[in-house]
Amino acid sequence: MPILNFQHVRSFSSEDPNNPADNLLSEDTFRKWTCANAGEKQASIVLQLEKASLINAVDVGNDGSAFVEVLVSRSGDDTDKYEVLLVTSSFMSPADSKSWINTNRVRMFGKEKLSKSVAGQKWDRLKLVCTQPYNKTEKYGLSFVKLHSPAEVSSEEPTDTTTIGAVTFGGFALKEETTTLSPGSLFLRRDKSDTTGASSVATAAAQARMASREAEKEADHMNSSAASKNDQSHNKHKSSPLEKAVKMKDEVAMKRSVPSEDDSEVPKKKTKDSSKKDDQAKVLSGVTFALSGFKNPYRADLRDKATDLGARYAPDWGPSCTHLICAFTNTPKFNQVKEAGGLIVRKEWI
């Protein structure tokens, strides 16, 4: 869409000397217009267009304004009455205004956002009204304004010869069509080609399936005849698996029924050895012991070794204890057991 150009600044409410109103006439977006003093109730500016035109879209670049309203009028109207083209639109939230962040937001308003009755007429004056009610310590205004007009439809006839069915296309010569097409002829050709191709593919597949079935039958016949010959020759020289199993079962039963001398002596030796081991394992039976001065994991090792030998473990010395396995002498527990008449031994005793 073509961009409408501004001719000059007609009027403004106030301007900052460092950011004058004429900056909005420049195409540079970093050149802005702001009001003269912080906390002004509103700041407005009127821009004159080069000619009266339809306005199809409005692009507004903000610079600290919370709300912006766009109005239009005609220079020939003596009443200086403005019509609302774009209703008051928000550019900054109250939180952003107080924190003074997101001050340079850009919004593009298409034709659907503009007033239909006003956008359908031509105008040559544009008035922008800015307000900032949430921050009284900063100057505000606009960074740029752009207006777009609808694209013009040209009524001129094209110079190139592009008529349908012509032999020439601009500076190029086209090859004439020799065949005439009737409605539905392309689909008819395609259907015929699809049916012929499908039938040929189907016959080829059927022939391949028949050949493979015959080959499988011949292979099965040859395998069955060879297997029967192998079974006959095998039965002549070897007995059946059932007969072998019966023979092996009988031999095992005969061996079990006749015990040997070596087998009778082995259990006796085993019983003697096991009785000796049981006597050694219970060498500390009747002993109840407590430990003193040992820390884990060595304490746990001593406890496990003594219990494996038949002794009973007591967490602390008591009347049922018979032995105290002590790591150090002259300790409180050592003296307690000594006065009680208990037996005190070292770790080597186990």
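Everything here concerns the structure above.
Calculation notes
Residues numbered from 1 in each chain as written. Predicted model: local features only at pLDDT ≥ 70, side-chain atom pairs only at ≥ 80, totals over all residues. Heavy atoms only, no water. Pairing = 2+ DSSP bridges. Helix = DSSP H or I, 4+ residues; strand = E, 2+ residues; numbered from the N terminus. Contact = heavy atoms within 4.5 Å. Axes fitted to C-alpha atoms, helices over the stretch in contact; angles between N-to-C directions. Core = buried A, V, L, I, M, F, W, Y, C linked by side-chain atoms within 4.5 Å. Buried < 20%, exposed > 50% of the residue type's maximum accessible area, 1.4 Å probe, protein only.

Trainee: Got a minute to help me understand the sheet that holds strand 14 (residues 312–313) in this structure?
Mentor: Backbone hydrogen bonds hold the strands of a sheet together, and the pairing may be parallel or antiparallel. What the four strands build is an open sheet, ordered 14-13-15-16; its pairing is parallel. Every interior strand has two partners, whereas the edge strands, strand 14 and strand 16 (343–345), have only one. In the sheet, strand 15 (residues 323–326) pairs with strand 16 via three bridges, with the strands oriented parallel. Across the sheet, Leu 324 pairs through a bridge with Ile 344, a residue of strand 16. The strands that helix 6 (residues 298–308) touches are strand 13 (288–292) and strand 14; relative to strand 13, the one it contacts most, it runs at about 170°. Most of the contacts of helix 7 (residues 332–340) go to strand 15, to which it runs at about 155°, and overall it touches strand 13, strand 15 and strand 16.

Trainee: Looking at this model, I keep getting lost on the nonpolar core. Mind explaining?
Mentor: Proteins that are soluble and globular tend to have nonpolar side chains buried together. Formed by 32 residues in total, the largest nonpolar core has its most connected members in Trp 33, Ile 45, Leu 85, Leu 126, Leu 128, Leu 142 and Leu 147. Contributing elements (two or more residues each) for this core: strand 2 (6–12), strand 4 (43–54), strand 5 (57–63), strand 6 (67–73), strand 7 (83–90), helix 2 (116–119), strand 9 (122–131) and strand 10 (141–148). Beyond its immediate stretch of four places on either side in the chain, Leu 128 contacts Ala 43, Ser 44, Ile 45, Leu 47, Val 68, Glu 69, Val 70, Leu 142 and Val 145. By size, the runner-up hydrophobic cluster in this structure holds 10 residues, among which are Val 287, Phe 289, Ala 306 and Val 345.

Trainee: Help me understand the side chain of Ser 292, please; the structure alone is not making it clear to me.
Mentor: When you line up the elements, Ser 292 lands in strand 13. Looking at Ser 292, the relative accessible area reads 11%, which means it is buried. Excluding residues that lie within four positions of it along the chain, Ser 292 makes contacts with Arg 299, Leu 324, Ile 325, Cys 326, Ala 327, Thr 331 and Lys 333.

Trainee: I tried to follow unusual backbone geometry on my own but got confused; where do I start?
Mentor: With glycine set apart, most residues show a phi of negative sign, and most peptide bonds adopt trans. Here Asn 296 and Pro 297 are connected by a cis peptide whose omega angle stands at 10°. Considering the arrangement of structural elements, one finds Pro 297 in the loop between strand 13 and helix 6.

Structural measurements only, silent on function.
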